[in-house]
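Given next are the chains, with one letter for each unit.
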2 protein chains.
Amino acid sequence: MMKKQLIMEKAFELFSEQGFEATSVQQITERCGISKGAFYLSFKTKDELIFSMIDHHMQQFVADIDLVVRNVVNKQDLLVEFYKSIFKNFKKHSKSARIFMKEQGLTANKELFKKVNSYEIMMTQSILSMVEELYGVKLQDIKYDLVYCIKGFVRSYSELFMFYDLPIHVDELASSLAEKTNILAQNMTNPFITKELAQIVESPFDQEISTDKLKELLDQNIQGLEESIERESLVLLKEQIEQQTLSKTIIKGLIENIRHLTDCKWTAYVLIKYFEL
Amino acid sequence: MMKKQLIMEKAFELFSEQGFEATSVQQITERCGISKGAFYLSFKTKDELIFSMIDHHMQQFVADIDLVVRNVVNKQDLLVEFYKSIFKNFKKHSKSARIFMKEQGLTANKELFKKVNSYEIMMTQSILSMVEELYGVKLQDIKYDLVYCIKGFVRSYSELFMFYDLPIHVDELASSLAEKTNILAQNMTNPFITKELAQIVESPFDQEISTDKLKELLDQNIQGLEESIERESLVLLKEQIEQQTLSKTIIKGLIENIRHLTDCKWTAYVLIKYFEL
DNA sequence: TTGACAAATGACTAATTGGTCATTAGTATA
DNA sequence: TATACTAATGACCAATTAGTCATTTGTCAA
């Protein structure tokens, strides 16, 4: 378990230096200071490593956004907080963003594409639920289009973080984009993305969370922890999956208990979806 | 010359199927029905092939946009025509767009990055000049920001062409985005991208067109043509580079003569910049 | 100290890579 | 037909790749 993490970290460095296919298992093991055989004890193939890494990074990203969107108290600040969170993430993880968000297009591997795409869809859904929260039923017919605009802003301005080490003021950027978003929401009359179109785009790669997968996920988290409130929360949550006896409020509380752990962000996100909180 | 084209075409197919590094010279030559040696008669290395392909496709793209931006008669239609042109291009060349516009999967090669980046900058400058044409001095302080919004729209909505074979109505999309752009232009008060920031982002990779390179380019075009008005125009234009004796109007006309040839689009674009027309 | 088991090694394989070059095929001129 | 030339070939090379497995090392309890 420890070793897996080491490999992923070092591999990540190499990927961001040289790119995907250009990095050999040899190089990874050298930088880790382990043997080739040891690598294959942790990962069955090189592909498995790549898949794990994408999961890891995308999960962090998606979960972070969703957290902000769901938890902002003041509706007035929601947009600004959303943009702030997203660009702070870009600033912090610009390398992984560069590798995983952009590589989408040219990955030969169909499985890989599907994976990245499914996370992209989750992100889109988070944004959509934010737009609904913000503008309610007022903007039923333009909300899908607005989501695409927001995604466009994010893509375009994130370039500033990805390729240049500029001293960007995230707060100013966020409030500038929030203004733009509001202006569009209030003035747009001619949307292009309709509900139907949005559904077509989102549907084909839709991903369900199976009970088994979720349990597996929890087991992983549990194993990595010593006796603690967080660990116990996880154990309780796992029991709730098999048979839900506690109230939603209590379950929500248990999830809150684990949310602050880096490795549990994703689990928390999935649990919220699963229990429909 | 003929063979170069064949190789580039077939290689392009393979790249869009399997990706970049995953395609071997072997595979390319097999699909072309030529030997390995023959490949290395046309290109010194595999990298040279990649560079040529990027040049070829990006040149088409950039030149097309610039042409539209410069030549629309009715200022009212400018925005719509711009978007229409760009998305028609995406629709037609979705594969190359997918491969080459998504730059940074290829971070491995610094030279490659610089190349793609320089084209990106040219595109940005075309958009900027459009914005200036559209809104004049009125929007001095938000024009750079507006350019980033436009780029964002393009990126976000181009996704529809890249990954899904949807029956998109380009005209509707264009007018929808034109509306958004105008709304932003008229209501935005809080721009983020200032002139200084824009200059920092654009400057480091600035690319100059050397006289020699331009002559080389013309020679290439001339060689590929039989006796014709177009060919003679090119010859005359080459003379004008060495010693400019004709008026700007005449030179403009000569450029118009060659513009319709696919292989001369780029040359026309460069010539216009060179003679400051 | 011994024995049992898991963790880790790195030499090895088989396949593939980009690139070379002595050789051959094809063509045009004399 | 003979000569001179270029275009094209594909066997070959050294380097590198992902992945394997017989062997060694480390770590326990008895």
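About the cut-offs
- Residues numbered from 1 in each chain as written.
- Chains lettered and ligands numbered in written order.
- Predicted model: local features only at pLDDT ≥ 70, side-chain atom pairs only at ≥ 80, totals over all residues.
- Heavy atoms only, no water.
- Helix = DSSP H or I, 4+ residues; strand = E, 2+ residues; numbered from the N terminus.
- Rg over C-alpha atoms; globule rule 2.2 N^0.38 Å.
- Buried < 20%, exposed > 50% of the residue type's maximum accessible area, 1.4 Å probe, protein only.
- Contact = heavy atoms within 4.5 Å.
- Areas by Shrake-Rupley, 256 points an atom, 1.4 Å probe, with all protein chains shown as cover.
- Near = heavy atom within 4 Å.
- Polar contact = N/O pair within 3.5 Å; in protein donor to acceptor, adjacent residues only side chain to side chain.
- UniProt positions renumbered as here; feature names shortened; annotations may be inferred.
- Nonpolar A, V, L, I, M, F, W, Y, C, P; charged D, E, K, R; others polar.
- Salt bridge = Lys/Arg side-chain N within 4 Å of Asp/Glu carboxyl O.
- Phe/Tyr/Trp six-rings, centres within 6.5 Å; stacked < 30°, edge-to-face > 60°.
- Lys NZ or Arg CZ within 6 Å of the ring centre and 35° of its normal.
- Expected span 1.5 Å × (residues − 1).
- Core = buried A, V, L, I, M, F, W, Y, C linked by side-chain atoms within 4.5 Å.
- Patch = residues over 30% accessible without salt bridge, like charges linked within 9 Å, V, L, I, M, F, W, Y side chains within 5 Å.
- Lys, Arg positive; Asp, Glu negative; His and termini not counted.
- Charge placed at Lys NZ, Arg CZ, Asp CG, Glu CD.
- Axes fitted to C-alpha atoms, helices over the stretch in contact; angles between N-to-C directions.
- Parallel < 35°, antiparallel > 145°, perpendicular 65-115°, else oblique.
- Left-handed = near helix turned anticlockwise from the far one by under 90°.

Under an unreviewed UniProt entry, chain A has the name Transcriptional regulator and belongs to Lysinibacillus contaminans.

A few words now on the overall build of chain A. Scanning chain A from terminus to terminus reveals 14 helices and 0 strands. The helix and strand sequence of chain A, counted from the amino end, reads α-α-α-α-α-α-α-α-α-α-α-α-α-α. Radius of gyration (C-alpha) of chain A: 20 Å, near the 19 Å computed for a compact globule of 277 residues. Considered along the principal axes of its C-alpha atoms, chain A spans approximately 60 × 50 × 35 Å. Within chain A, buried positions represent 53% of all 277 residues. Excluding contacts between residues fewer than 6 apart, the proportion of contacts in chain A whose partners are at least 24 apart in sequence is 69%. Summed over all atoms, the accessible surface of chain A reaches about 13,300 Å², with 49% contributed by carbon and sulfur.

Right, let's get into the protein's contact with DNA strand D. In the vicinity of DNA strand D, 14 residues are found, and the nearest of them are Lys36, Tyr40 and Lys46 of chain A together with Lys3 and Ser35 of chain B. The share of sugar and phosphate among atoms of DNA strand D within 4 Å of the protein is 57%. The separation between a phosphate oxygen of DNA strand D and a polar side-chain atom of Lys3 of chain B is 3.0 Å. Sorting elements by how many residues they give to the surface near DNA strand D places helix 3 (residues 36-42) of chain B first, with 4 residues.

When the UniProt feature table is mapped to this numbering, "DNA-binding region" (unreviewed entry) covers residues 24-43 of chain A. Counting secondary structure, residues 24-43 of chain A comes out at 75% helix and 0% strand; the distance between its end C-alpha atoms is 14 Å.

Take the protein's contact with DNA strand C next. Close contacts around DNA strand C come from 14 residues, with Ser35 of chain A together with Val25, Lys36, Tyr40 and Lys46 of chain B the closest. In DNA strand C, atoms within 4 Å of the protein come 58% from sugar and phosphate. Measuring from a phosphate oxygen of DNA strand C, one finds a side-chain N or O atom of Lys3 of chain A at 3.2 Å. At a separation of 3.1 Å, a phosphate oxygen of DNA strand C approaches a polar side-chain atom of Tyr40 of chain B. Of all the secondary structure elements, the ones that give two or more residues to the surface near DNA strand C are helix 3 (36-42) of chain A together with helix 3 of chain B. When residues of the surface near DNA strand C are assigned to their parent elements, the largest contribution, 4 residues, is made by helix 3 of chain A. Classifying every residue of the surface near DNA strand C by side-chain character gives 5 nonpolar, 5 polar and 4 charged.

Here we take up the pattern of salt bridges. All names here are of chain B. A complete count under the given rule lists 27 salt bridges over all chains for this structure. Residues Glu120 and Lys151 are paired through a salt bridge, measuring 3.3 Å at the closest nitrogen-oxygen approach. Of the two residues, Glu120 is situated in helix 7 (residues 110-135) and Lys151 in helix 8 (residues 143-163); the sequence distance between them amounts to 31 residues. For the pair Glu120 and Lys151, one class covers both residues: buried. Here Glu256 makes a salt bridge to Lys252, at a shortest N to O gap of 4.0 Å. Here the residue Glu256 and the residue Lys252 both occupy positions in helix 13 (residues 248-259), the gap between them amounting to 4 residues, near one helical turn.

Take the packing of aromatic side chains next. In this structure the tally under the stated criterion is 19 aromatic pairs over all chains. Ring centres of Tyr83 of chain B and Phe87 of chain B lie 6.4 Å apart, and the angle between their planes is 15°; on these two criteria the pair is classed as stacked. Placement of both Tyr83 of chain B and Phe87 of chain B in helix 5 (residues 78-92) is noted, with a separation of 4 residues, approximately one turn of the helix. Accessibility assignment for this pair places Tyr83 of chain B and Phe87 of chain B in one class, buried. Taken together, Phe61, Phe82, Tyr83, Phe87, Phe90 and Phe161 of chain A form an aromatic cluster joined through their ring pairs. The aromatic ring of Tyr148 of chain A is capped on one face by Lys151 of chain A, whose charged end is 4.8 Å from the ring centroid.

A few words now on helix 1 (residues 2-18) of chain A. Residues and elements named next belong to chain A. Between its first and last C-alpha atoms helix 1 spans 25 Å; for 17 residues at 1.5 Å apiece the expected length is 24 Å, and the two agree. Of all the residues in helix 1, the buried ones are Ile7, Met8, Ala11, Phe12, Leu14, Phe15 and Ser16. Just past helix 1, the residue Gly19 takes up positive phi, approximately 95°.

Let us look at the environment of Glu230 of chain A. Residues and elements named next belong to chain A. Take Glu230: it is sitting in helix 12 (residues 229-242). Through-space distance from the C-alpha of Glu230 to that of Ile255 is 9.0 Å; in sequence the pair is 25 residues apart. In this view, Glu230 contacts Leu225, Asn257, Ile258, His260 and Leu261; residues no more than four positions away in its chain are not counted.

On to helix 9 (residues 170-187) of chain B. Under the 1.5 Å per step criterion, the end-to-end length of helix 9 of chain B is 26 Å for 18 residues, consistent within 8% with the ideal 26 Å. Restricting attention to buried positions, one finds in helix 9 of chain B the residues Val170, Leu173, Ala174, Ser176, Leu177, Ala178, Glu179, Lys180, Thr181, Ile183, Leu184 and Ala185 of chain B.

Here we take up the nonpolar core. Within the largest apolar cluster, 98 residues are counted, with the highest numbers of intra-cluster contacts made by Tyr83, Phe87 and Tyr157 of chain A together with Tyr83, Phe87 and Tyr157 of chain B. Setting aside its immediate chain neighbours within four residues, Phe87 of chain B contacts Val154, Tyr157, Ser158, Phe161, Val170, Leu173 and Leu177 of chain B. One finds Met8, Phe51, Ile222 and Ile251 of chain B within the second-largest nonpolar core, a separate group that totals 45 residues.

Residue and element names in this part refer to chain B. Relative to the helices and strands, Leu139 is located in the loop between helix 7 and helix 8. Its relative accessible area of 14% is what places Leu139 among the buried residues. Placed 49 residues apart in sequence, Leu139 and Met188 show a C-alpha to C-alpha distance of 9.7 Å.

On the surface, Glu21 and Asp47 of chain A together with Glu21 and Asp47 of chain B cluster together to form a negatively charged patch. Considering the arrangement of structural elements, one finds Asp47 of chain B in helix 4 (residues 46-71). On the basis of relative accessible area, Asp47 of chain B is assigned to the partly exposed category, the value being 40%.

Here helix 8 (residues 143-163) of chain A crosses helix 8 of chain B at 120°, and the two axes come no closer than 7 Å. If you check the angle between helix 8 of chain A and helix 8 of chain B, you find them oblique. Crossing hand, helix 8 of chain A versus helix 8 of chain B: right-handed. Every residue of helix 8 of chain B that contacts helix 8 of chain A at Asp145, Tyr148, Cys149, Lys151, Gly152, Phe153, Arg155, Ser156, Tyr157, Glu159 and Leu160 of chain A is listed here: Asp145, Tyr148, Cys149, Lys151, Gly152, Phe153, Arg155, Ser156, Tyr157, Glu159 and Leu160 of chain B.

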